[in-house]
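Coordinates in review
Take a look at the letters that make up each chain.
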Amino acid sequence: MPDVQLVLRSTRVITPEGTRPASIAVGGGSIVAVLPYEAEVPAGARLEDVGDDVVLPGLVDTHVHVNDPGRTEWEGFWTATRAAAAGGITTILDMPLNSLPPTTTVERLRVKQEVARTKAHVDVGFWGGALPDNVKDLRPLYGAGVYGFKCFLSPSGVDEFPELDQDQLATSLAEIAGFDGLMIVHAEDPHHLAAAPQRSGGTYADFLASRPRDAENTAIGNLIAQARGLNARVHVLHLSSSDALPLIAAAKAEGVRVTVESCPHFLTLTAEEVPDGATEFKCCPPIREAANQDALWEGLADGTIDCIVSDHSPSTADLKTPDFATAWGGISSLQLGLPAIWTEARRRGHGLEDVARWMSAAPARLAGMDSKGAIEPGRDADFAVLDPEAAFTVDPAGLEHRNRVTAYAGRTLHGVVTSTWLRGERILDHGTLTGPMGRLLERNG
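**As for the confidence of the model for the chain**
- Of all residues in the chain, 99% have pLDDT values of 70 or greater, and the mean over the chain is 97.
- Within the chain, strand β3 (residues 30–36) has the poorest average pLDDT of any element, 97, and strand β5 (residues 54–57) the best, 99.

Shown next as structure tokens:
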């Protein structure tokens, strides 16, 4: 077999056809073939045998706030992509906000790309932003390679990225639908949020009451109605309210082009376990009750929820004040998403094939990344190698992201990423990371 430089062998390789013993032949950074386990190693190729560790397709995380440039004290491309590699993630898409400037024009996209270029340990692509005043910039941004556009329907938390009202959403959606782009939406209705009780202090129940499910449900309903009328492609970010699942399922059955994600924190953490004052658990929309979590898992199982991504949204530790009303809302989980989800998935009777579908294949499909998301010939040779039986206790000191604040501190998780491979190069080996080897990705690039 010509042009094979590497054969990665395991007794458990997750392919689109299922899990089986296999030898993956790699050449030129791509998967050349998925061979029988005992296949002869081609002349000149080196064999890497990972034994019984499971080889998954490299994870694709389409929801990461890197905050670089402008708020690099919160995070940055160097630290975020190291955390991704340590967690078996080989591709991330950076959100357009929390960086300064936000990614809302072609010029600003180029600024961000230049900052990321020499710092990326994994492959990095970019979302653009849809603001009330940048409709004219959406088509040029799409032509410049962004994967779609993010908007908020309620205040974003940063002044430079204002939300869209329903008329502005319609205008932006119509523009994006005109070139069959994708709008990804933070869906909370501002009127329901304004009507909810707002109390300061460290009581989690008060914070939960301030972000009611109705805010999500109403916003998602309005988004679906607009998508239906415009035949637009829309994606619901970080679904927290299970009450919205029947509405979403009905819209999908009707043919509305809507997809949905949820996040590790909604699927592994519950409101009942959040201590008062523990604002490392704060995010918007919020972590809800255990019964709600059960319903989210049912939505994953039946396909109503398409994918699981991190919504990695870090800040400096001082912004996580003990007051839920004023603390920054965001949970950092790039490095921990895979073991967190696997720990809960195995408890609920799901397998690693499900996890690979939710965390690799589906996010790659969402972004239109044909070279990512599966172990099959022609795809990039991106792999996460996992010891699924090994357990560890989360120590914040062992995390790679810049500010080591985590809601998972002290939790025992199953699944240790033993190595991560990017286009056939090992970028993580038992905790040791290489230098940056990631590339900047553009839509259809």
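**A short note on the nonpolar core**
- I92, F149, M183 and L239 are the most contacted members of the largest nonpolar core, which totals 95 residues.
- When residues no more than four places from it in sequence are discounted, the contact partners of M183 are A130, F149, K150, C151, L164, L169, S172, L173, I176, R233, V234 and H235.
- Listed in part, the 20 residues of the second largest apolar core include Y147, W328, L366 and A367.

**Some details on the sheet that holds strand β8 (residues 123–126)**
- With parallel pairing, the three strands of this open sheet are ordered in space as β6-β7-β8. With partners counted over all chains shown, the strands left at the sheet margins are β6 (59–64) and β8, one partner each. The average angle at which neighbouring strand axes cross in this sheet is 20°, direction not considered.
- In this fold helix α1 (residues 77–86) packs onto β7 (89–94) and β8, with an angle of close to 140° to the strand it touches most, β7.

**Remarks on the sheet that holds strand β10 (residues 149–152)**
- Spatially, the six strands line up as an open sheet ordered β9-β10-β11-β12-β13-β14, and their pairing is parallel. Of all strands in the sheet, those bounded by a partner on one side alone are β9 (128–129) and β14 (307–308).
- Bridge count between strand β13 (residues 258–262) and β14: two bridges; the pairing is parallel. From the neighbouring strand, S262 faces β14, where its bridge partner is I308.
- Sheet strands touched by helix α4 (residues 166–178): β10, β11 (182–186) and β12 (233–236). Its angle to β11, the strand with the most contacts, is close to 150°.

**Focus on the pattern of salt bridges**
- Applying the stated criterion to the full structure yields 30 salt bridges.
- The closest approach of N and O atoms between D382 and K372, which form a salt bridge, is 2.7 Å. Here the residue D382 occupies a position in the loop between α12 (352–367) and β15 (383–393), and K372 occupies one in the loop between α12 and β15, the gap between them amounting to 10 residues.
- The class of K372 is buried, set by a relative accessible area of 3%.
- Overlapping salt bridges bring together D123, K372, D380, D382 and R423 as one network.

**Observations concerning the packing of aromatic side chains**
- Across all of its chains, the model carries 10 aromatic pairs by this definition.
- Judged by centre distance (6.1 Å) and plane angle (35°), the rings of Y142 and F149 are tilted. A single burial state applies to Y142 and to F149, both of which are buried.
- Pairing Y204 with F207 gives two aromatic rings, centres 5.8 Å apart and planes at 55°, and the pair type is tilted. Residue Y204 and its partner F207 are both found in helix α6 (residues 204–210); the two are separated by three residues, about one turn of the helix.
- Using a relative accessible area of 3% as the deciding quantity, one classes Y204 as buried.
- Look at F207 and you get buried, because its relative accessible area is 5%.
- An aromatic cluster is built from Y142, F149 and F179, whose rings are joined through pairwise contacts.
- The aromatic ring of Y37 is capped on one face by R9, whose charged end is 5.5 Å from the ring centroid.
- The residue whose ring lies beneath R443 is Y142, and the NZ or CZ to ring-centre distance is 3.5 Å.

**Regarding unusual backbone geometry**
- The amide bond that connects D68 to the next residue, P69, takes the cis arrangement and shows omega of 5°.
- Mapped onto the elements, P69 comes out in the loop between β6 and α1.
- A cis amide bond, omega 5°, links L100 with the succeeding residue P101.
- Looking at the secondary structure, you find P101 in the loop between β7 and α2 (106–116).
- Here N231, not a glycine, exhibits a phi torsion of approximately 50°, which is positive.
- The backbone of H238 shows a phi angle near 35°, a positive value even though the residue is not glycine.
- With respect to the element layout, H238 can be found in the loop between β12 and α8 (245–254).

**What to know about the environment of A384**
- Looking at where A384 falls in the secondary structure, it is placed in strand β15.
- Given the relative accessible area of 1%, A384 is considered buried.
- In this structure the C-alpha to C-alpha distance between A384 and A356, which are 28 residues apart in sequence, comes to 9.9 Å.
- Excluding its chain neighbours within four sequence positions, the residues that come into contact with A384 are V54, V55, L56, P57, G58, G88 and S419.

**Concerning the side chain of D68**
- Looking at where D68 falls in the secondary structure, it is placed in the loop between β6 and α1.
- Among the residues examined, D68 registers a relative accessible area of 4% and is labelled buried.
- In this structure the side chain of D68 is engaged in a polar contact, spanning 3.2 Å, whose partner is the backbone nitrogen of F77.
- Once residues lying within four places of it in the same chain are set aside, the contact partners of D68 are G76, F77, S99, K112, V115 and K119.

**Remarks on helix α10 (residues 290–302)**
- In a regular helix each residue adds 1.5 Å, so 13 residues correspond to 18 Å; α10 covers 19 Å between its end C-alpha atoms and thus fits that length.
- Within the sequence span of α10, burial applies to N292, Q293, A295, L296, W297, G299 and L300.

**Examining the pairing of β13**
- β13 sits mainly inside the fold: four of its five residues count as buried.
- Direction of pairing for β12 relative to β13: parallel, over a ladder of three bridges. When the sheet's bridge partners are listed, V234 is paired in β13 with V258.
- For the handedness criterion, the β-α-β arrangement of β12, α8 and β13 is classed as right-handed.

The rules behind each value
Residues numbered from 1 in each chain as written. Predicted model: local features only at pLDDT ≥ 70, side-chain atom pairs only at ≥ 80, totals over all residues. Heavy atoms only, no water. pLDDT = per-residue confidence, 0-100. Helix = DSSP H or I, 4+ residues; strand = E, 2+ residues; numbered from the N terminus. Core = buried A, V, L, I, M, F, W, Y, C linked by side-chain atoms within 4.5 Å. Buried < 20%, exposed > 50% of the residue type's maximum accessible area, 1.4 Å probe, protein only. Contact = heavy atoms within 4.5 Å. Pairing = 2+ DSSP bridges. Axes fitted to C-alpha atoms, helices over the stretch in contact; angles between N-to-C directions. Salt bridge = Lys/Arg side-chain N within 4 Å of Asp/Glu carboxyl O. Phe/Tyr/Trp six-rings, centres within 6.5 Å; stacked < 30°, edge-to-face > 60°. Lys NZ or Arg CZ within 6 Å of the ring centre and 35° of its normal. Polar contact = N/O pair within 3.5 Å; in protein donor to acceptor, adjacent residues only side chain to side chain. Expected span 1.5 Å × (residues − 1). Right-handed = clockwise from strand over helix to strand, strands pointing away.

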